[in-house]
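Structural features, examined
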Amino acid sequence: MKFGSVTVLVLCAIALSPITAESVCKDAGCSHSCITAVDIPTCTCPEGMVLGEDSKTCTVPVTILMGMHREISAVTEGEGEVRSLVPIGTTAFDFHYNNKEIIAFADNNIMRYSFAGELTMPKQPSAIATPTSRVSSLAVDWIHQDVYWISRQRSAIEASSLSGNSVREIIAVEGEESSDWNNLVIDPAAEKLFWLGRKGVYSCGLNGKNLKSNITSWPVDAEDIALDTQNKLIYIIGNYGNGVNKVVAASHYEGTPVGDIVTIGQSGSKIYGFGVLGKY
């Protein structure tokens, strides 16, 4: 703009939407945050999360609980270090996901191990109940806040509330029918218990009523069972009749067979744990 012989330069500030770090990370497909080096964004995660295989999505790392050498240990995804959580003397345990607690049989009691934050060392444990004999398997009812267990010497199923009231007997059957009970699992929503015994898979209600044996005896020599609670299916792992291969088979809760799911490994392979991710 010129006024006579004087030239005036007028600078106008134009308001533009700045490219923020957040928008850069979003454009790069990062789920949370990123850092930029040589104009190339690299996705990063907040503390307590890990970067997924796509190098963009942050997820909470998976922690696996294991019964090893009669103690409960844990290993977290991305770390690799196995850490001891509950000391030696544990023969059965389950995890209460909502309360972030381990419920375990240790020191002749059903014990409650609570965690304030990450699964490192638990707070001082508290005793819930004292079973009438050694426990071979237990299962937590996260809906009704109870714990059920198989009392091995008695071949009975007992229970207590997680608040620690007295032990109540759910079911007890004398003789060969009740021998070798193990691998107790629960569907709290359906109010059903399932377990393995000499006559295949057994079931009853949470009150002990409607006991059924031999819901399915296939595969032969069943070693463990797991539930798909969404689709109401029982999965059983064991040996084929020819004793060569292991098979995972499935049936509906009432016993109607679904059939073989997969054949795996050799019959001599020992199964130390078994779980099912349902058809979601």
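Structural data are supplied above this passage.
The present account deals with the structure reproduced in this document. Everything numeric in this text was worked out from a predicted model, so none of it was measured.

1. With respect to the sheet that holds strand β14 (residues 135-141)
Taking strand neighbours across the sheet as the criterion, the four strands line up as β14-β15-β16-β17 in an open arrangement whose pairing is antiparallel. With one partner strand each, in any of the chains shown, β14 and β17 (168-172) form the two edges of the open sheet. Each strand axis lies, on average, 20° off the axis of its neighbour in the sheet, ignoring direction. Of the pairings in the sheet, the one linking strand β15 (residues 146-151) to strand β16 (residues 156-161) comprises six bridges and is antiparallel in character. Looking at β16, one finds that W149 is bridged to E158.

2. Digging into the pairing of strand β12 (residues 109-114)
The buried count for β12 comes to six of six residues, which makes it a mostly enclosed element. Alternating positions in β12 separate into two faces, N109, M111 and Y113 on one and I110, R112 and S114 on the other, with burial throughout. Where strand β11 (residues 101-106) meets β12, six bridges bridge the pair, whose relative direction is antiparallel. Following the sheet pairing, A106 is matched in β12 by N109.

3. Brief notes about the nonpolar core
Among the nonpolar cores identified, the biggest contains 16 residues, and Y148, I157, W181, L184, L193 and W195 are the most heavily contacted of them. Put simply, the parts of the chain that give this core at least two residues each are β15, β16, β17, β18 (182-187), β19 (192-197) and β20 (200-205).

4. Observations concerning the state of the cysteines
Scanning the entire structure with this criterion turns up three disulfides. Covalent S-S linkage joins C25 and C34, the inter-sulfur distance amounting to 2.1 Å. The sign of the S-S torsion, about -85°, decides the handedness of the disulfide formed by C25 and C34: left-handed. Accessibility classification places C25 together with C34 in one group, the buried group. The disulfide partner of C45 is C58, and the gap between their sulfur atoms is 2.1 Å. Around the S-S axis, the bridge from C45 to C58 shows a dihedral of about -95° and counts as left-handed. Here the residue C45 occupies a position in the loop between β4 (40-44) and β5 (50-51), and C58 occupies one in strand β6 (residues 58-59), the gap between them amounting to 13 residues. Overall, the relative accessible area of 24% leaves C45 in the partly exposed class.

Thresholds, definitions, all that
- Residues numbered from 1 in each chain as written.
- Predicted model: local features only at pLDDT ≥ 70, side-chain atom pairs only at ≥ 80, totals over all residues.
- Heavy atoms only, no water.
- Pairing = 2+ DSSP bridges.
- Helix = DSSP H or I, 4+ residues; strand = E, 2+ residues; numbered from the N terminus.
- Axes fitted to C-alpha atoms, helices over the stretch in contact; angles between N-to-C directions.
- Buried < 20%, exposed > 50% of the residue type's maximum accessible area, 1.4 Å probe, protein only.
- Core = buried A, V, L, I, M, F, W, Y, C linked by side-chain atoms within 4.5 Å.
- Disulfide = S-S within 2.5 Å.

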